[in-house]
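Descriptive analysis of the structure
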Amino acid sequence: MTAPKVPEVVLSSSSGQRKMPVIGLGTAPGSISKGTTKDAVLEAIKQGYRHFDAAAAYGVEQSVGEAISEALKLGLISSRDELFVTSKLWVTDNHPELIVPALKKSLRTLQLEYLDLILIHWPITTKPGEVKYPIEVSEIVEFDMKGVWTSLEECQKLGLTKAIGASNFSIKKLEKLLSFATIPPAVNQVEVNLGWQQQKLRAFCKEKGIIVTAFSPLRKGASKGANLVMDNDILKELADAHGKTIAQICLRWLYEQGLTFVVKSYDKERMNQNLQIFDWSLTEDDYKKISEIHQERLIKGLTKPLLDDLWDKE
Ligand code: NAP
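- The chain appears in an unreviewed UniProt entry as NAD(P)H-dependent 6'-deoxychalcone synthase-like from Cicer arietinum.

Examining the site of the ligand
- As a matter of local geometry, the ligand sits amid 33 residues, with Ser-33, Asp-53, Leu-218, Ser-265 and Arg-270 nearest to it.
- Within the side chain of Ser-167, one N or O atom sits 2.9 Å away from a nitrogen atom of the ligand.
- In this structure, Lys-264 approaches the ligand through a main-chain N or O atom, which is 2.9 Å from an oxygen atom.
- For the ligand, whose unbound accessible area comes to 900 Å², protein coverage reaches 93%.
- Looking at which element gives the most residues to the shell around the ligand, the answer is helix 9 (residues 268-275), with three residues.
- Across the shell around the ligand, the residue classes tally to 13 nonpolar, 13 polar and seven charged.

Regarding the UniProt feature "site: Lowers pKa of active site Tyr" (unreviewed entry) in the chain
- In this structure's numbering, the residues bearing the UniProt feature "site: Lowers pKa of active site Tyr" (unreviewed entry) are Lys-88.
- Counting through the fold element by element, Lys-88 comes out in strand 5 (residues 84-89).
- Beyond its immediate chain neighbours, meaning those up to four positions away, Lys-88 contacts Asp-53, Ala-54, Ala-55, Ala-56, Tyr-58, Ile-118, Leu-119, His-121 and Gln-189.
- Among the polar contacts listed, one links the side chain of Lys-88 to the side chain of Asp-53, at a separation of 2.7 Å.

Quick look at the environment of Glu-292
- Of note, Glu-292 is situated in the loop between helix 10 (284-290) and strand 14 (303-304).
- Accessibility expressed as a relative area gives 57% for Glu-292, which makes it exposed.
- Considered as a pair, Glu-292 and Ile-234 are 58 residues apart in the sequence and their alpha carbons are 8.6 Å apart.

Structural notes on the nonpolar core
- One finds Leu-152, Leu-174, Leu-194 and Leu-235 to be the most contacted residues of the largest nonpolar core, which totals 91 residues.
- Excluding residues that lie within four positions of it along the chain, Leu-152 makes contacts with Leu-89, Ile-99, Ile-118, Ile-120 and Ile-164.

A closer look at helix 4 (residues 145-157)
- For helix 4, spanning 13 residues, the distance from its first C-alpha to its last is 18 Å, which sits close to the expected 18 Å at 1.5 Å a residue.
- Listed in full, the buried residues belonging to helix 4 are Met-145, Gly-147, Val-148, Trp-149, Ser-151, Leu-152, Glu-153, Cys-155 and Gln-156.
- Tucked inside the fold, the buried residues of helix 4 contact strand 5, helix 3 (99-110), strand 6 (117-120), strand 10 (164-167) and helix 5 (171-180).
- Once helix 4 ends, the next one or two residues include Gly-159, with phi positive near 85 degrees.

Cut-offs used in this document
- Residues numbered from 1 in each chain as written.
- Predicted model: local features only at pLDDT ≥ 70, side-chain atom pairs only at ≥ 80, totals over all residues.
- Heavy atoms only, no water.
- Near = heavy atom within 4 Å.
- Polar contact = N/O pair within 3.5 Å; in protein donor to acceptor, adjacent residues only side chain to side chain.
- Areas by Shrake-Rupley, 256 points an atom, 1.4 Å probe, with all protein chains shown as cover.
- Helix = DSSP H or I, 4+ residues; strand = E, 2+ residues; numbered from the N terminus.
- Nonpolar A, V, L, I, M, F, W, Y, C, P; charged D, E, K, R; others polar.
- UniProt positions renumbered as here; feature names shortened; annotations may be inferred.
- Contact = heavy atoms within 4.5 Å.
- Buried < 20%, exposed > 50% of the residue type's maximum accessible area, 1.4 Å probe, protein only.
- Core = buried A, V, L, I, M, F, W, Y, C linked by side-chain atoms within 4.5 Å.
- Expected span 1.5 Å × (residues − 1).

Following this line, the structure appears as C-alpha cells:
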C-alpha cells in the first residue's frame, strides 16, 4: 500500500505556527511489541510517519535519534525539519531550575538541535534523581506548576523547542495553568480511546485552543487481560461491516473527533494498517453503537497508592 498523506493540525502557541501530523508513533516500553525502537522508527519514516512521541522516562531518546540520523543518511527525509519530535520531562525534573538542563540533555541524547514539543509528563514532582516505578507517595514533593511552566516558556523562547504542553492534566489543572501562562499550552496529551472518550476534557481543550493528543488509543500498551476496545463485540461488528480492523475503527474515530493521537506499533504490517484510516468514514449508526461502550480509565496513575486528587474527580 502507498503512504497516505497524513493530515496536520497547527499548534497555535508554537513558534512559527508549527504543524503536527495527526498520527504519531508511540515509543513507550512495556507493551508486547517486538523489535527495537531504532528499527521501528526507521521503518515508520519509510512508511510515511513524521511524528514521534518519546519521553525521557522511556529510555528511547538515543534510539529515536539514531533512527533519525540514519533516515537522513539514507535520504528518506531531506531535513530533520520534516519531522515532528515530542519528548516529555520526567517527574524528577519537574523543578523550575532543572527544566532547561533536562531539555538540553534530551536534545543531546536525541542528537537534535530542537524539539517540536516538550510536555510535562505528569503533574507530579518527586525529589530530583532516580525514582522507582510505581512511585511511592513518600517520594512526592509539591509541584510548582507556575515555576515549571515559566521555565518551559523560557525553553520555547530559547529555541530549544517549538512548542510546550501538558500531559495528564485535568480541566482544573489546565485552568490553573492558563491563569498565569504567557505562552498557553499547545497540547494536552491524555488517555483517549473508545473505552475512555473524555468528552468534557476535549470540549474544554477545544474552547481554549489546546490540541488534545490521545495516548493508548487502542488501550493495549498497559492493559492486562481483556481489552475494553480490542476485544469488544460492538467494535468487531463495526470493523467487519467496514472491512477494517478494530484498531482502524478506533483510530478513525479519534481522527473524526478532531484529535491527534500516538499509537505504538513496532510491527511493519500493523504500522501500515494504522495509517490507512484517512479515506473512509464512520456512519451515524456506528456512532450510536459507539456511545454504548462501557467507559473506564485505563491508566489510573503512576503512584503507589494512587493519588486522590490526580484527576480532580473529573
Ligand atoms: P497503544 O498504542 O494503544 O497500544 C500499543 C499496542 O498495540 C502494542 O502492543 C502494539 O503491538 C499493539 N498494536 C498497535 N497497532 C495494532 C493494530 N493495528 N492491531 C493490533 N494491535 C496493534 O498503547 P500505548 O503504547 O500505551 O500508547 C501509545 C503511545 O502513547 C505510547 O507508546 C506513548 O508514546 C504514549 N503514552 C503516553 C502516556 C503519557 O503519560 N503521556 C501514557 C501512555 C502512553 P505491536 O507493536 O506488536 O503492533
